[in-house]
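Take a look at the letters that make up each chain.
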Amino acid sequence: MAELLIGLALILLSAVIYFQSGTFPVGDATQLNPGSFPKVIALALAILSIILVIVKIKELVSKRAEATEINRKEYMKELMIEYRLVFITFFSLLLYVFLMQFIGFIITTICFIIGIGLLVGPKKKKDVLIISITSVVVTLSTYLFFENVLHVRFPSGLFF
């Protein structure tokens, strides 16, 4: 059920991204429009989300008889335990988007990648170091590519 709701939320999010990416300023005619890449990603996200919703609806229909036999309170408790990481990751993503406006892209993204990496990955000292280095490299390379090549500005926030 949670995957169905997430799929529907992602379809809505992809629609918002698609229509908002049309509002980016246009460069000269030889370059791609800054909104082109977000539109492609939004379409891919929408297609994959629609597939997810269809698959989950089929599963729910087939498991409908099972769900009515189980107490709803127990079912919700099992659902929360089973999808705990999904809910934590989703709310972390919402917090990341909110804090990016105030703190800035670079610091918020590094903290987000490290936090999610530690949440779902191994927690050995070596792995924490690898996650930290990876988050810094990915964040800075993404920032430099979008700022210098595509000329897309990121939220600067307090620090950068």
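Predicted model only: the values in this text are computed from it and were never measured.

Asks: Is there a simple way to explain the packing of helix α1 (residues 2-20) against helix α2 (residues 36-62) in this structure?
Replies: Axes are the key here: two packed helices are described by the angle between their axes and the distance separating the axes. Viewed as axis vectors pointing N to C, α1 and α2 meet at an angle of 160°, and their least axial separation amounts to 8 Å. Classified by the interaxial angle, the pair formed by α1 and α2 is roughly antiparallel. Considering only the axes of α1 and α2, their crossing is left-handed. Among the residues making up the contact of α1 with α2, the classes are represented as 17 nonpolar, 3 polar and 3 charged.

Asks: Teacher, can you tell me more about the UniProt feature "transmembrane region" (unreviewed entry) in the protein chain here?
Replies: On the UniProt side, "transmembrane region" (unreviewed entry) is annotated at positions that read residues 37-55, 81-99, 105-121 and 128-146 here. Split by type, residues 105-121 is 94% helix and 0% strand. Its first and last C-alpha atoms lie 23 Å apart.

Asks: What should I look at first to understand the environment of Glu59 in this one?
Replies: Along the polypeptide, Glu59 turns up in helix α2. A distance of 3.0 Å separates the side chain of Glu59 from the side chain of Lys56, its partner in a polar contact.

Asks: Just checking my understanding: could you explain helix α7 (residues 125-149) for this structure?
Replies: An α-helical turn contains 3.6 residues, so any two residues separated by three or four positions project in the same direction. With 25 residues, α7 extends 35 Å between its outermost C-alpha atoms, agreeing within 8% with the 36 Å of an ideal straight helix rising 1.5 Å per residue. The complete set of buried residues in α7 reads Asp127, Ile131, Ser135, Thr139 and Glu147. The elements touched by buried residues of α7 are α6 (105-120). At the C-terminal side of α7, His151 shows a positive phi close to 55°.

Asks: Help me understand the pattern of salt bridges, please; the structure alone is not making it clear to me.
Replies: Charged atoms that come close allow side chains of opposite charge to pair. Under the criterion given, the structure shown has 2 salt bridges. Where Lys56 meets Glu3, a salt bridge forms, and the shortest distance between an N and an O atom there is 2.6 Å. You can see Lys56 sitting in helix α2 and its partner Glu3 sitting in helix α1, a full 53 residues away along the chain. For Glu59, the salt bridge goes to Lys56, with nearest N and O atoms at 3.0 Å. Of the two residues, Glu59 and Lys56 are both situated in helix α2; the distance of 3 residues between them amounts to about one turn of the helix. Given the relative accessible area of 14%, Lys56 is considered buried. Several salt bridges converge on common partners, so that one network encompasses Glu3, Lys56 and Glu59.

So, how was this worked out
Along every chain, residues carry numbers that run from 1 in the direction the sequence is written. Side-chain atom pairs in this predicted model are given and counted only at pLDDT of 80 or more, local residue features only at pLDDT of at least 70, and totals for whole chains, interfaces and linings cover all residues. Only hydrogens and water are set aside when side-chain values are computed; all heavy atoms of the structure are taken into account. To get an axis, a line is fitted to the C-alpha atoms, and for a helix only the part in contact is used. The angle between two axes follows their N-to-C directions and goes from 0 to 180 degrees. Put simply, DSSP marks the helices as runs of H or I at least four residues long and the strands as runs of E at least two long, and each gets a number from the N terminus on. Note on terminology: angles under 35 degrees are roughly parallel, angles over 145 are roughly antiparallel, angles of 65 to 115 are roughly perpendicular, and the others are oblique. What makes a crossing left-handed is the near helix being turned counterclockwise from the far one by less than a right angle; a clockwise turn instead makes it right-handed. Lys, Arg, Asp and Glu make up the charged group, whereas Ala, Val, Leu, Ile, Met, Phe, Trp, Tyr, Cys and Pro make up the nonpolar group; the residues left over, Gly among them, are polar. UniProt positions are given in the numbering used here, feature names are shortened, and annotations may be inferred rather than shown by experiment. Here a polar contact is taken to be a pair of N or O atoms separated by no more than 3.5 Å, where protein atoms must pair a possible hydrogen donor with a possible acceptor and residues adjacent in sequence count only if both atoms sit in side chains. The span you would expect from a helix comes to 1.5 Å times its residue count less one. The cut-offs for exposure are 20% and 50% of the maximum accessible area for each residue type, with area from a 1.4 Å probe on protein chains only; residues under the lower value are buried, those over the upper are exposed, and the others partly exposed. Whether two residues are in contact is decided by their heavy atoms, any of which lying within 4.5 Å being enough. A side-chain nitrogen of Lys or Arg and a carboxyl oxygen of Asp or Glu constitute a salt bridge if their distance falls within 4 Å.

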